[in-house]
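Architecture and fold: a report
Below, each chain spelled out in residue letters.
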Amino acid sequence: MGFKCGIVGLPNVGKSTLFNALTQTQAAQSANYPFCTIEPNVGKVAVPDPRIHRIGEIAKSAQIIETQLEFVDIAGLVRGASNGEGLGNQFLANIREVDAIVHVLRCFEDDDIQHVDQRIDPIADAETVETELLLADMESLERRVENAKRRATSGDKEAKAIVNVLGQALDLLKDGKPARLTEPKDDDEARVFREAQLLTAKPVLYVCNVGEEDAANGNEHSARVFEKAKAEGAEAVVISAAIEAEIATMPPDERADFLADLGLEETGLARVIGAGYELLDLITFFTAGPKEAKAWTVSRGAKAPQAAGVIHSDFERGFIRAETIGYEDYLATGGEAGAREAGKLRQEGKEYEVSDGDVMLFKFNV
């Protein structure tokens, strides 16, 4: 199960610097799962989670393998992208393929780096990209909603759902608001909305790229972005891409002191990765044994067979049960044997909803 975050932004905002820092940091971070370049602009990065290391210690695992997110460096936006200008069609197609949008915004002043519009205004930059996405969504919905209205008069249930939920989305778009603010009233409307694959329905993380002096607390530009994010149900983080690029080239044992000198507890990239994970509403479950302790990703609300299927399709097809230990119980009882003896190891069936931090062993028969 792959989860993709697409990195977008106007020219000279630090998008490529951020992506390159991700590349270098993750390559140095993990011998088990280095940053893996699938294509020149695609890579997988490990999600920082100290729990997997504690589980590995208890299970005496020979290998620790973290869960991952995929980041895609999406290029090609210019004004008019929704009408095919520049690499517009490719840009929009690439956006459709990702699960969330990481929007890098320039929040730093630097006379040596020219802005495409000769000014520093992250809100205007965000609106440039959003306008193209809004226009593309409006074009895809207008004819569909009109056709559905005609069918709905004859009692077509599907058409009524389209009119209700996509009509609501279209009204939002016409008001200059993203489709993700749409509120489906039932499962049918939620399905119709999901299947529409609207660009502005995707969750957004705004990355405020600031100068080194503002890396710890941000600045007035980033403060405006945080206000925008709050108003539209998005998320925002502050990083300095220049600092991240420098950290990525440092030996690991020097990074903590460097961050401390800057008043930072963790890298900005760690915050971006963690925020992307939360933005997609993902949770982590674990498997552990002498060979390896491994973290796995599922969407919140996933049932036990779905979690089993992330490991192997046979596990889901032949699912019998899941031996499950909560993370805190696993620590408190010293692992699987202690949890079993203390009655903290549960036998969960097909309807069990996986909790974040569960340590699981799947029983299956194919």
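Whatever comes next refers back to the structure up there.
Remember, predicted model here, so these are calculated numbers, not experimental data.

Reading guide: rules and limits
- Residues numbered from 1 in each chain as written.
- Predicted model: local features only at pLDDT ≥ 70, side-chain atom pairs only at ≥ 80, totals over all residues.
- Heavy atoms only, no water.
- Helix = DSSP H or I, 4+ residues; strand = E, 2+ residues; numbered from the N terminus.
- Expected span 1.5 Å × (residues − 1).
- Buried < 20%, exposed > 50% of the residue type's maximum accessible area, 1.4 Å probe, protein only.
- Arc of directions from axis to C-beta.
- Contact = heavy atoms within 4.5 Å.
- Polar contact = N/O pair within 3.5 Å; in protein donor to acceptor, adjacent residues only side chain to side chain.
- Pairing = 2+ DSSP bridges.

1. Some remarks on helix H7 (residues 220-231)
In this model, H7 (twelve residues) spans 17 Å end to end at C-alpha, consistent with the 16 Å of a helix rising 1.5 Å per residue. Three or more residues of H7 are buried, namely His-221, Ser-222, Val-225, Lys-228 and Ala-229. Angularly, the buried residues of H7 cover 115° about the axis, an arc narrow enough to put them on a single face. Looking at H7, the residues exposed on the side facing more than 90 degrees away from the buried face are Glu-220, Glu-227, Lys-230 and Ala-231. Looking at the buried positions of H7, the neighbouring elements they touch are strand E6 (100-106), helix H4 (122-152), strand E7 (204-209) and strand E8 (235-239). Sitting at the head of H7, Asn-219 places a side-chain oxygen 3.0 Å from the backbone nitrogen of His-221. In the segment just after H7, Gly-233 is the residue with positive phi, at about 70°.

2. Description of the pairing of strand E3 (residues 42-46)
Most of E3 sits out of view: four of its five residues are buried. One ladder, built from five bridges, connects E3 with strand E5 (residues 68-73); its direction is antiparallel. Opposite Val-45, over in E5, you have Leu-69 as the bridge partner.

3. Looking at the environment of Ile-95
Tracing the backbone shows Ile-95 in helix H3 (residues 88-96). Look at Ile-95 and you get buried, because its relative accessible area is 0%. Spatially, the C-alpha atoms of Ile-95 and Lys-202 are 9.1 Å apart, while their sequence positions differ by 107 residues. Apart from residues no more than four positions distant in its own chain, Ile-95 is found in contact with Val-8, Ile-74, Ile-101, Leu-199 and Lys-202.

4. Topic: the pairing of strand E10 (residues 293-299)
By the criterion of burial, E10 is predominantly enclosed, with six of the seven residues buried. Bridge analysis of strand E4 (residues 64-65) against E10 gives two bridges, and the strand direction is parallel. Each bridged residue has a counterpart across the sheet, and for Ile-65 the counterpart in E10 is Lys-294. Two elements, strand E9 (residues 282-288) and E10, share seven bridges in a ladder whose sense is antiparallel. Considered in E10, the bridge of Ala-288 is made with Ala-293. Taken together, E9 and the strand that follows it, E10, pair antiparallel across an intervening segment of four residues.

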